[in-house]
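Read off the chains here:
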Amino acid sequence: MTPSPQTEVAAMPAPAAPGPPPPGASPWHERRRVGTVLVTGAASGLGRAVARAVGAAGGHPLLLDRVASRDASPELAGALSAVVDLRDTRSAERAVAELVAEAGELDAVVTTTGIDRRGRMADIPGGAWDDVVRVNLLGTAAVIRSGLPRLRESRGRIVIVAATVGLRALPEATARCAADSGVVGMSRALAAELAGQVGLTLLVTDATDATDATDVTDVTGGAFAEGGPGPHRGDPYEVADAVLYALTRPVGCEVREMVVGPATESSWP
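For the structure given in this document, a descriptive report is provided here. Because the structure is predicted, anything quoted here is derived from the model rather than measured.

## Quick notes on the sheet that holds strand β4 (residues 108-111)
Right, on to step 1. The strand order across the open sheet built from seven strands is β3-β2-β1-β4-β5-β6-β7, with neighbouring strands paired in parallel fashion. Each having just a single partner strand, β3 (80-83) and β7 (257-260) make up the two edges of the open sheet. Sheet twist, expressed as the average angle between the axes of neighbouring strands with direction ignored, equals 15°.
Right, on to step 2. Pairing geometry for strand β1 (residues 36-40) and strand β2 (residues 60-65), over five bridges, is parallel. Among the inter-strand pairings, L38 is bridged to a residue of β2, identified as L62.
Right, on to step 3. Its contacts with the sheet place helix α3 (residues 126-154) against β1, β2, β4 and β5 (157-163), and it is angled at close to 170° to β4.

## So, helix α5 (residues 236-247)
Side chains three or four residues apart in an α-helix point the same way, a direct result of the helix having 3.6 residues per turn.
Right, on to step 1. Over its twelve residues, α5 runs 16 Å from end to end, which matches the ideal 16 Å to within 8%, given 1.5 Å per residue.
Right, on to step 2. Buried-residue contacts for α5 involve β1, α1 (45-56), β4, β5, β6 (199-205) and β7.
Right, on to step 3. Capping the start of α5, D235 holds a side-chain oxygen 2.9 Å from the backbone nitrogen of Y237, two or three residues further along.

## Some words on the pattern of salt bridges
For side chains of opposite charge, pairing can occur when their charged atoms come near one another.
Right, on to step 1. By the definition in use, this model includes eleven salt bridges.
Right, on to step 2. Linking D107 and R33 is a salt bridge whose minimum nitrogen-to-oxygen distance equals 3.4 Å. Of this pair, D107 sits in the loop between α2 (89-103) and β4 while R33 sits in the segment before β1, and the two are 74 residues apart along the sequence.
Right, on to step 3. When its relative accessible area of 9% is taken as the criterion, D107 is described as buried.

## Topic: unusual backbone geometry
Right, on to step 1. Phi is positive for R155, close to 50°, though the residue is something other than glycine.
Right, on to step 2. Secondary-structure assignment places R155 in the loop between α3 and β5.
Right, on to step 3. Judged by relative accessible area, R155 falls into the partly exposed class, the value being 47%.
Right, on to step 4. In the Ramachandran plot, E172 falls in the positive-phi region, its phi being about 60° despite a non-glycine side chain.
Right, on to step 5. Owing to a relative accessible area of 35%, E172 belongs among the partly exposed residues under this scheme.

## Thoughts on the packing of α2 against α3
Right, on to step 1. Packing of α2 against α3 leaves a shortest axis separation of 8 Å and a crossing angle of 35°. Between α2 and α3 lies a crossing of right-handed hand. Facing α2, whose interface residues are T89, R90, A92, E93, V96, A97, V100 and A101, α3 presents L138, G139, A142, V143, R145, S146, G147 and R150.

## Focus on the nonpolar core
Right, on to step 1. Counting residues in each nonpolar core, the largest one holds 40 residues, and the members touching the most others are L38, L64 and I158.
Right, on to step 2. Elements that contribute at least two residues to this core include exactly β2, α2, α3, β5, α4 (174-193) and β6.
Right, on to step 3. Here this core gets eleven residues from one element, more than from any other, and that element is α3.
Right, on to step 4. If you look at the next biggest cluster of nonpolar residues, it comprises 29 residues, including A49, A79, V159 and L203.

## A few points about the packing of α3 against α4
Right, on to step 1. Where α3 meets α4, the closest approach of the two axes is 7 Å, and the angle between their N-to-C directions is 20°. With respect to α4, the axis of α3 lies roughly parallel. As α3 runs across α4, the sense of the crossing is right-handed. Contacts between α3 and α4 involve W129, V132, V133, N136, L137, T140, A141 and I144 from the former and T174, A175, R176, A178, A179, D180, G182, V183, M186 and L190 from the latter.
Right, on to step 2. Along the lines of polarity and charge, the residues of the contact of α3 with α4 split into twelve nonpolar, four polar and two charged.

## Here we look at the side chain of D65
Right, on to step 1. With respect to the helices and strands, the residue D65 is situated in strand β2.
Right, on to step 2. The buried charged residue D65 lacks any salt bridge, with R66 as its nearest oppositely charged partner at 5.0 Å.
Right, on to step 3. Within the structure, D65 has its side chain in polar contact with the backbone nitrogen of A43 (distance 2.9 Å).
Right, on to step 4. The residues touching D65, leaving out its near neighbours within four places in the chain, are G41, A42, A43, S44, A82, V83 and V84.

Criteria and cut-off values
Residues numbered from 1 in each chain as written. Predicted model: local features only at pLDDT ≥ 70, side-chain atom pairs only at ≥ 80, totals over all residues. Heavy atoms only, no water. Pairing = 2+ DSSP bridges. Helix = DSSP H or I, 4+ residues; strand = E, 2+ residues; numbered from the N terminus. Axes fitted to C-alpha atoms, helices over the stretch in contact; angles between N-to-C directions. Contact = heavy atoms within 4.5 Å. Expected span 1.5 Å × (residues − 1). Polar contact = N/O pair within 3.5 Å; in protein donor to acceptor, adjacent residues only side chain to side chain. Salt bridge = Lys/Arg side-chain N within 4 Å of Asp/Glu carboxyl O. Buried < 20%, exposed > 50% of the residue type's maximum accessible area, 1.4 Å probe, protein only. Left-handed = near helix turned anticlockwise from the far one by under 90°. Core = buried A, V, L, I, M, F, W, Y, C linked by side-chain atoms within 4.5 Å. Parallel < 35°, antiparallel > 145°, perpendicular 65-115°, else oblique. Nonpolar A, V, L, I, M, F, W, Y, C, P; charged D, E, K, R; others polar. Lys, Arg positive; Asp, Glu negative; His and termini not counted.

This is how it looks when you write it as structure tokens:
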């Protein structure tokens, strides 16, 4: 038998590379530079991952935590940093102002600090319950408030991180539910207030640090460990990548809200 001829399939031409936008076109094709980014909670977990990602992208992280952040990794050794406890909101405001003044500029603020105290409301000491709200909500507000004048000048960006319990109520989690739902509400109101001046992204994730000097447990499946994501925990470096995406959107484009976590994350939806 005569073999049938093989059919030749013509290769599809490669798509042409996009040319420059026409005159007067939107500048949305141009990603923003990362610039100088203040990161809270920069000594560990998600904050450290964000600080590293900022540096790797050519930006300049400014580190804020209650312990020394520059010792957290060799990549952060040269970064400007300040040590402050966000429970003391006035001290937090001064620390941010001094850090930004030393840097000379501010293009973005990323707030990742969050603590938790799990248990029945009646069983948690009042001061410990209050501290969760002080750090997660009032401390976050203080940091952003202090950075706003420079952010308005640079038409910068804010990324506010909240735990998933800010959107879903769970038992024995009254402190963090109260604090982080307040963070969600504040973020949405502030986004409306700053529209056209400063971009704002609310990032909800389970990869938040829940650390405190006292016995603290994260209600979303255990305090995040540096060893990598567990079955119900997000990878902080994946979340940090999402932060960079929000920070680098072109002028005129904003990511208002994101929820980032593993498929098996148990506190969402």
